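Structure at a glance
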Amino acid sequence: MTYFSVRMRASSNGRHISGAERIVPAERVSVTCAQLAQRALDHPKGVAAETHLTVEALDPEAIRRVPALAVEVAECAHPGEAQQVIRALLAPLTPHADALVRDTFAARDMRGAMLVCAGTGARLEPDRERGVRVSHVDAVDATCTTVAPGKDAAREALVLSSKVAAHPDVLAELCISDDPDYTTGYVAHAGTYTRIPNIKPVGSPAGARAFLVREGADTAALFRYLEREPVLVRVPSQEDAQ
Ligand code: WAQ
Ligand code: MG
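In this text the structure is predicted, and so the values were computed from the model without any measurement.

We now examine the site of ligand 1. Around ligand 1 lies a shell of 22 residues, among which V134, D178, Y182, Y193 and R195 are the nearest. Contact between ligand 1 and R133: a nitrogen atom at 3.3 Å from a side-chain N or O atom of the residue. Take R209: an N or O atom from its side chain is 3.0 Å from an oxygen atom of ligand 1. Calculation on ligand 1 without its partners gives an accessible area of 700 Å², and the protein chains cover 91% of this total. Within the residue set of the shell around ligand 1, elements represented by two or more residues are α4 (153-165), β9 (170-176), β11 (192-196) and β12 (208-213). Ranked by the residues each element gives to the shell around ligand 1, the list is headed by α4, at three residues. For the shell around ligand 1, the class distribution of residues is 13 nonpolar, four polar and five charged.

Another aspect to go through is the packing of aromatic side chains. Within this structure, the stated rule accounts for one aromatic pair. The ring centre of Y225 lies 5.1 Å from the NZ or CZ of K163, which sits over that ring.

What follows deals with the state of the cysteines. Summed over all chains, the structure comprises zero disulfides. Not part of a disulfide, C76 finds its nearest cysteine sulfur in C175, a span of 15 Å. Exposure remark for C175: the relative accessible area of 6% places this residue in the buried category.

Looking now at the pattern of salt bridges. For the structure on display, the rule yields 13 salt bridges. Note that E125 is salt-bridged to R123, the shortest N-O span being 2.7 Å. Residue class for E125 comes out buried when judged on its relative accessible area of 5%. When the shortest N-O distance is used, the salt bridge between E173 and R209 registers 2.9 Å. With E173 in strand β9 and R209 in strand β12, this residue pair connects regions lying 36 residues apart in the sequence. Look at E173 and you get buried, because its relative accessible area is 2%. Relative accessible area serves as the criterion here: at 22%, R209 is assigned to the partly exposed category. Connected via shared salt-bridge partners are R15, K45, D109 and D178.

Let us now look at the side chain of R7. You can see R7 is positioned in strand β1 (residues 3-12). Within the structure, R7 has its side chain in polar contact with the side chain of E56 (distance 2.8 Å). Discounting chain neighbours no more than four positions away, the residues touching R7 are A20, E21, H52, L53, T54, E56, S135 and H136.

Right, let's get into the nonpolar core. Residues L115, F211 and L226 are the most contacted members of the largest nonpolar core, which totals 28 residues. Where this core is concerned, the elements lending two or more residues are β7 (137-140), α4, β9, β10 (185-189), β12, α5 (219-228) and β13 (231-234). No other element matches α4, which puts five residues into this core. In contact with L226, not counting residues within four places along its chain, are L115, V132, R133, V134, S135, K163, V164 and F211. C76, A82, I176 and V187 belong to the second-largest nonpolar core, a separate cluster that totals 24 residues.

Let's shift gears to the environment of H43. Here H43 is to be found in the loop between α1 (29-41) and β3 (50-57). With a relative accessible area of 17%, H43 lands in the buried category. For the pair H43 and G207, spaced 164 residues apart in sequence, the C-alpha to C-alpha distance is 14 Å. Not counting residues up to four positions away in its chain, the partners in contact with H43 are I17, S18 and D178.

Criteria and thresholds
- Residues numbered from 1 in each chain as written.
- Chains lettered and ligands numbered in written order.
- Predicted model: local features only at pLDDT ≥ 70, side-chain atom pairs only at ≥ 80, totals over all residues.
- Heavy atoms only, no water.
- Near = heavy atom within 4 Å.
- Polar contact = N/O pair within 3.5 Å; in protein donor to acceptor, adjacent residues only side chain to side chain.
- Areas by Shrake-Rupley, 256 points an atom, 1.4 Å probe, with all protein chains shown as cover.
- Helix = DSSP H or I, 4+ residues; strand = E, 2+ residues; numbered from the N terminus.
- Nonpolar A, V, L, I, M, F, W, Y, C, P; charged D, E, K, R; others polar.
- Phe/Tyr/Trp six-rings, centres within 6.5 Å; stacked < 30°, edge-to-face > 60°.
- Lys NZ or Arg CZ within 6 Å of the ring centre and 35° of its normal.
- Disulfide = S-S within 2.5 Å.
- Buried < 20%, exposed > 50% of the residue type's maximum accessible area, 1.4 Å probe, protein only.
- Salt bridge = Lys/Arg side-chain N within 4 Å of Asp/Glu carboxyl O.
- Contact = heavy atoms within 4.5 Å.
- Core = buried A, V, L, I, M, F, W, Y, C linked by side-chain atoms within 4.5 Å.

As C-alpha cells, this is what we get:
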C-alpha cells in the first residue's frame, strides 16, 4: 500500500502555533488534511494566521516499524516534586542535567526540539530557534492499519517519543506541552515513557522538548532519521495506553 506523509505547521506573525505529523493511506489524505487544518484554528495558543499542509508519497520499502515505549506514571503532586523526578531520571545520564532541565522550561515557541550532547551539554541544532522537528511518524494498531492519535495528546506524544527513542544515539527525552492548561509532561528513557503530572502550574506558557544525545553521535544522520525517515509505531489499544 502507498502511504503518504501529511504534515501541518501553523503560525501567526512568525510565532509557531502548532504542528502535526501523520502517515496515512491515500484514502485518508483528504480527511486528514481537513482535520489538521481545523486543529491549527483550534489551538489554545491562538488562531493560526497561516497554515501550511504538506502531502508527500512515501516509499513503502523505507517505512520502519518500531514498538511503542512502555508507559508509567510518576505520581507528582506539584511542580517541585516533578522537578525532583526529572532530575533523578536525567542526572545519571549527563553531568549537564540541571542546565538541560532549566533550558527546556525556559524555551518558548520552538517548532522542534533541542538536541543536547550528554557529554558536553552543547546544543547540536544548526537553527536553535527552530530545533529539530520530528516528522514522518504515526501509529499502527495490531492489524497494521494506521490509527488516529490526534485526538489525544498523550497518545500522540507516545508515538513521537517512541520514534525518537528507537534511535540508538538518543539517551532520553524531556517534554513539556506548550498548552498552558496541559500540565502533564514526560521523560522517555530506557524503553519507558514516564508520565509526569503537574510538571508545570496551570496557565504556564512553558513548553518545549529536549533530546539528550550520546556524545560522538553522527548528528547529520540523527537529524535525517528524526526529520525524514518514516516510522510507524506499534501502539497498544487505546485502553491499554492509559
Ligand atoms: N518534533 C520536535 N519537537 C516538537 C514536535 C515535533 N514534531 N512537536 C512539538 N515539539 C516541541 C515544541 O517545542 C513544542 O513547543 C513542544 O515540543 C511541546 O509540543 O502523557 O502536547 O505539541 O499526557 O505542546 C505530553 C503528553 C504532550 C504527556 C506534549 O507537546 C502525557 C505536547 P506539544
Ligand atoms: Mg501543544
